[in-house]
Amino acid sequence: MATDTAADAAEGRRPRDDVWVAAEEGDMSEASAGRPLLFRTMKVKGSILHPYRFLILVRLVAIVAFFAWRVEHRNHDGMLLWATSMVADAWFGFSWLLNQLPKLNPIKRVPDLTALADRHGEAVLPRIDVFVTTVDPVDEPVMYTVNTILSILAADYPVDKYACYLSDEGGSLVHYEAMIQVAYFSALWVPFCRKHCIEPRSPENYFRMKTRPYVGGMAGEFMSDHRRVRREYGEFKVRIDSLPTTIRRRSDAYNKGDDGVHATWMADGTQWACTWIEQTDNHRRGQHAGIVKVMLDHPSCKPQLESLVSTNNPIDLSNIDTRFPMLVYISREKRPGYDNQKKAGAMNVMLRVSALLSNAPFVINFDCNHYINNSQALRAPMCFMLDPRDGQNTAFVQFPQRFDDVDPTDRYSNHNRVFFDGTMLSLNGLQGPTYLGISTMFRHVALYGMEPPHYRAKNIKLVGKAYELGNSDLVLELNTGWRNPRAVYHPGVGRRGAQQ
Ligand SMILES: O=c1ccn([C@@H]2O[C@H](COP(=O)(O)OP(=O)(O)O[C@H]3O[C@H](CO)[C@@H](O)[C@H](O)[C@H]3O)[C@@H](O)[C@H]2O)c(=O)[nH]1
Ligand SMILES: [Mn+2]
């Protein structure tokens, strides 16, 4: 199971060897040249794979023999029926064959987080922009979004090396104010996770767990901290749940004297620029102004250690880094008659906004109901991106999604094991898996075709005919050695999606 492997990878253990064995790593010269390999490739044991391949061959022979028999024994009384069933059987056989081909050589890639830490200390880990998309605080409950964001803010990655962007398609003040609450609560939640090595770092899912062995180094303080943070989380939830009522009451109070204007008001007494509760021109879904608001500013580069028990903080955070990454709220402008391209459009807007604010060379995206279930997850894809073999040609690294709370015994395979642990690993052995639209880290250059703009290598030259693309677009050709982008799917560190 992928999540078992996640724990293995995080703790530097090797995956279970009753099914998977290490494959030949090809060019090992990099490793001997002092640049350790950052991931291992595993393949299915010969004693399992060879009989399986033999079985495929036997079935193939049987299917071909069956076809030959059908062709020789035509039913002359019902040629139409015979032809129809032949076409159906031929299609069935062909799709079976297509299904079998990738399964001939399943491959699993396991990140080596220890090697990454040895080779790339915290200081040289690349920067990442994390994108989360949401549409509606009711259809996609805001508590899911809030937990997703908190799991990202608390991830185990240098805080000054990543930033989190939330795209709110609905332009709702509820989301905006929920992010303000998240900014406050993260001051407690993030250091608490660091202090006690909490997993997973989505509070809802963490507090729901019945038991989990303590792996942190401060067991003595854990119970009281846990109790306090749990109580604070309870109050935080109440504040989030009451946001729609709070906003409505506040707006009613502001609107009392005004004739005919039923605006939605922010806490600071200004009118909300996007969608109002009582929708009107320029303030309705699909027709409103755009907003970009930095909720948490970019942190300082040096750790910020709390030396004393702060009266503001209910738990002792002495010697714990209390910084957290940048958090940005975005609601893009919407106008009627303009096709906003749904999630893809939202991703493009986040790419453009992040290019101005943080401009990281890597981006990763989540839906608002998918949280990071392993705090090391942002490091894992770096093992593939920075690997000395061909890392710079890896375009994207994808994580499997799992769905919580569907059915504890997973009777109907809601954890999608066949798809993620079978089909996707099998495609890994061919040219790589298909992109699923979520939980994927991209190399920025793979999306834009060039490095982020602040990086200007000397060997840039203007491509001819650039003028055809308009005056303001500079089309650059970079000699980055970027060829044949390939995709990697690794089951090592998974994310677990809340039930949709
Ligand atoms: O106009 C839109 C519509 C959707 N979304 C966001 O896109 C995501 C996915 O949308 P949803 O309606 O939840 O699609 P699903 O069918 O639930 O998701 C499947 O399809 C998505 C699109 O490929 C993938 O991201 C998911 O992983 C996959 O589970 C959500 O975060 C939405 O908030 C927007 O940002 N703008
Ligand atoms: Mn969804």
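Keep in mind the model is a prediction, meaning the values are calculated, not measured.

### Concerning the packing of helix 6 (residues 142-153) against helix 9 (residues 219-241)
Axis separation between helix 6 and helix 9 bottoms out at 10 Å; the angle between their running directions is 135 degrees. Classified by the angle their axes make, helix 6 and helix 9 are oblique. Regarding helix 6 and helix 9, the two cross each other, and that crossing is right-handed. Contact residues: Val 142, Met 143, Val 146, Asn 147 and Leu 150 in helix 6; Tyr 233, Phe 236, Lys 237, Ile 240 and Asp 241 in helix 9.

### Focus on a nonpolar patch on the surface
Taken together, the side chains of Phe 54, Leu 57, Val 58, Leu 60, Val 61, Val 64, Trp 91, Phe 94, Leu 97, Leu 98, Leu 101 and Leu 104 present a nonpolar region at the surface, about 1100 Å² in accessible area. Residue assignment for the nonpolar patch shows that the elements contributing at least two residues are helix 3 (46-72) and helix 4 (79-100). Here the nonpolar patch takes 6 residues from helix 3, the largest share from any one element. You can see Phe 94 is positioned in helix 4.

### Description of the pairing of strand 10 (residues 362-367)
By the criterion of burial, strand 10 is predominantly enclosed, with 6 of the 6 residues buried. Judged by which residues are buried, strand 10 turns out to be covered on both faces: Phe 362, Ile 364 and Phe 366 on one side and Val 363, Asn 365 and Asp 367 on the other are all buried. Bridge analysis of strand 4 (residues 128-134) against strand 10 gives 6 bridges, and the strand direction is parallel. If you follow Val 130 over to strand 10, its bridge partner there is Ile 364. Both strand 10 and strand 14 (residues 440-443) contribute to a ladder of 4 bridges, which runs antiparallel. Counted as the bridge partner of Val 363 is Phe 442 from strand 14.

### Some thoughts on the sheet that holds strand 3 (residues 107-111)
The strand order across the open sheet formed by 3 strands is 1-2-3, and the pairing between neighbours is antiparallel. If you trace the sheet from one side to the other, it starts and ends with strand 1 (20-22) and strand 3, each paired once. Between one strand and the next, the sheet's axes are offset by a mean angle of 40 degrees, whatever the strand orientation.

### Remarks on the UniProt feature "transmembrane region" (unreviewed entry) in the chain
Per the UniProt record, "transmembrane region" (unreviewed entry) is annotated on residues 52-69. Secondary structure across residues 52-69 comprises 100% helix and 0% strand; the distance between its end C-alpha atoms is 26 Å.

### Quick notes on helix 7 (residues 173-196)
When the terminal C-alpha atoms of helix 7 are compared, their 34 Å separation across 24 residues agrees well with the 34 Å that a helix rising 1.5 Å per residue should span. At Ser 186, helix 7 is deflected by roughly 45 degrees, the largest bend along its length. Most of helix 7 is tucked away, with 20 of its 24 residues classed as buried. Two or three places before Val 174, at the start of helix 7, stands the capping residue Ser 172, its side-chain oxygen 3.0 Å from that residue's backbone nitrogen. Phi turns positive one or two residues past the end of helix 7, at Cys 197, with a value near 50 degrees.

What counts and how
Every chain is numbered on its own, with residues counted from 1 as its sequence reads. All chains are assigned letters beginning at A, and all ligands numbers beginning at 1, according to the order in which they are written. The predicted nature of this model means local features are confined to residues of pLDDT at least 70 and side-chain atom pairs, given and counted, to a pLDDT of 80 or more, with totals for whole chains, interfaces and linings taken over all residues. Think of the side-chain values as coming from all heavy atoms in the structure, minus any hydrogens and water. Here an axis means a line fitted to C-alpha atoms, over the contact stretch when the element is a helix, while the angle between two N-to-C directions is reported on a 0 to 180 degree scale. Secondary structure elements are taken from DSSP: a helix is a run of H or I of four residues or more, a strand is a run of E of two residues or more, and numbering for both begins at the N terminus. For this classification, under 35 degrees means roughly parallel, over 145 means roughly antiparallel, 65 to 115 means roughly perpendicular, and everything else is oblique. In this scheme the crossing of two helices becomes right-handed for a clockwise turn of the near helix relative to the far one and left-handed for an anticlockwise turn of less than a right angle. The contact criterion used throughout is that any non-hydrogen atoms of two residues lie within 4.5 Å. Patch criteria: residues need more than 30% relative accessible area and no salt bridge. Like-charged residues are merged within 9 Å; nonpolar side chains of Val, Leu, Ile, Met, Phe, Trp and Tyr are merged within 5 Å. Reported accessibility uses the Shrake-Rupley method at a 1.4 Å probe radius. Residues are deemed covered only where the shown protein chains occlude them. Any carboxyl oxygen of Asp or Glu that lies within 4 Å of a side-chain nitrogen of Lys or Arg is treated as forming a salt bridge with it. Exposure categories follow from relative accessible area, calculated using a 1.4 Å probe and restricted to protein chains: below 20% of the type maximum is buried, above 50% is exposed, and the middle band is partly exposed. Pairs of strands are assigned from DSSP output, requiring at least two bridges between the strands. UniProt positions are given in the numbering used here, feature names are shortened, and annotations may be inferred rather than shown by experiment. By this rule, a helix spans an expected 1.5 Å times one less than how many residues it contains. One axis fitted to the seven residues ending at a residue, another fitted to the seven starting there: the angle between these axes is the bend at that residue. Polar contact criterion, stated in full: a pair of N or O atoms within 3.5 Å, where within protein one must be able to donate a hydrogen and the other to accept it, and residues adjacent in sequence count only if both atoms are side-chain atoms.

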